[in-house]
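Take a look at the letters that make up each chain.
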Amino acid sequence: MTRQLRHHDRIHRRSGSLLTECVLALGVIMVAVVLLAQLMMTAAIQRRLAEQKRLALEEVANRLERAALLPWSRLTADEIESAPLGAPVQRALQEPKLIATVTDEQAGPVAARRIDVQLAWHNAAGMAVEPVTLSAWRFAAQEETP
Amino acid sequence: MKRRGSTLLEMLTVISLLAVVMAIGSTLLISLMRMHKRVTSDIDQRRTLAQLADRLRQDAHAAVKAQLPSTERLTLPLTDQTVVEYAAAGSQITRQVLDAGMVTHRETFALSPACKVQFAVENADDGRRQLVRCEVSPLAETSSPREFAANANLEAAVGISSSPPRPARREETPP
């Protein structure tokens, strides 16, 4: 009988902590929500960066295509850099800067030139992003060989 | 039996708090699903553009010249017999290889429906060389800035790896 009474007391002596429990649970959920929001923000930044890289790579590849059409005598870094950047690149990239380098190389009897084109820009925070660089080689045609 | 009489109030508080949590959760879930859709479509578009650029450059480099019957069609003759044709219909580009007028290969590049494709041919090196351009632009100027990869400009030099045309073979008659 005494044991039954004790058991009864234990059941009905429950402290009213429903609100506290709920606030705790809410706190845990809010932490999860904040983490998720941060994850989404990181994903959005990475998505923007990937698109910027695609546009930069496209611009650099286009420059190399144009360099392939230049006559041997006009194949210089200034000539490659002289054309204005494409409109999508100017819209999407902050402070884009294109640098071209043309280096003479000797590949056997044929004169060759190595062309490096690099595009650098800044991210939204103003920090320099890792630039995109592509290289190509041009070989002088028989009639152009000095 | 002493029982506190605040259960209803507590329940109401709990329900309202849960409603707030559910509203935040569902908004985040919807945003996540939208983000997933956008990222997937970006990746698809990027992959298609990369494949198209690769094909276009290979074909243009090997071509003898570039012909532009209209801004939606580009013809790249590789030899007297073999011709590669690019045709844009809305956001879809079809590439087909014709050998003596017969189609021997066909493939399509499906870009985002929110963009259109146009071809152009530009003369370079005082008109002696050609440059082919494939412009991908958004359908409407007012498209959302969140829609990436709707802009692309692929350029390819024509004839830089094609062999020079052979001189016509002359029939020689013995004296």
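In this report, we go over the structure that sits alongside the text. Everything numeric here is computed off the predicted structure, so don't read it as measured data.

### Comments concerning the sheet that holds strand β5 (residues 102–110) of chain B
Residues and elements named next belong to chain B.
Part 1 of the reasoning: If you walk across this open sheet you meet the five strands as β1-β2-β3-β4-β5, and the pairing is antiparallel. In this open sheet, the two strands that pair with only one neighbour each are β1 (67–70) and β5. Averaged over all neighbouring strand pairs, the angle between strand axes comes to 20°, with direction disregarded.
Part 2 of the reasoning: Taken together, the eight bridges between strand β3 (residues 82–89) and strand β4 (residues 92–99) define a ladder with antiparallel strand orientation. From the neighbouring strand, Ala 88 faces β4, where its bridge partner is Ile 93.
Part 3 of the reasoning: Most of the contacts of helix α1 (residues 7–62) go to β5, to which it runs at about 145°, and overall it touches β2 (73–77), β3, β4 and β5.

### Here we look at the sheet that holds strand β7 (residues 129–138) of chain B
Residues and elements named next belong to chain B.
Part 1 of the reasoning: Ordered by their spatial adjacency, three strands build an open sheet running β6-β7-β8, and the pairing between neighbours is antiparallel. This sheet does not close on itself; its edge strands, each paired only once, are β6 (115–124) and β8 (152–157). When strand polarity is set aside, the average angle formed by the axes of neighbouring strands in this sheet is 15°.
Part 2 of the reasoning: By the bridge criterion, six bridges tie β7 to β8 in an arrangement that is antiparallel. Bridge pairing links Leu 131 to Ala 157 in β8.
Part 3 of the reasoning: Here α1 sits on the sheet in contact with β7 and β8, set at roughly 20° to β8.

### Let's talk about the pairing of β7 of chain B
Part 1 of the reasoning: Sheet topology places β6 of chain B next to β7 of chain B; ten bridges connect them, and they run antiparallel. What sits directly across from Asn 123 of chain B, in β7 of chain B, is Gln 130 of chain B.

Rules behind the numbers
Residues numbered from 1 in each chain as written. Chains lettered and ligands numbered in written order. Predicted model: local features only at pLDDT ≥ 70, side-chain atom pairs only at ≥ 80, totals over all residues. Pairing = 2+ DSSP bridges. Helix = DSSP H or I, 4+ residues; strand = E, 2+ residues; numbered from the N terminus. Axes fitted to C-alpha atoms, helices over the stretch in contact; angles between N-to-C directions. Contact = placed C-beta atoms within 7 Å.

So far we have only geometry, and geometry alone does not tell us how the molecule works.
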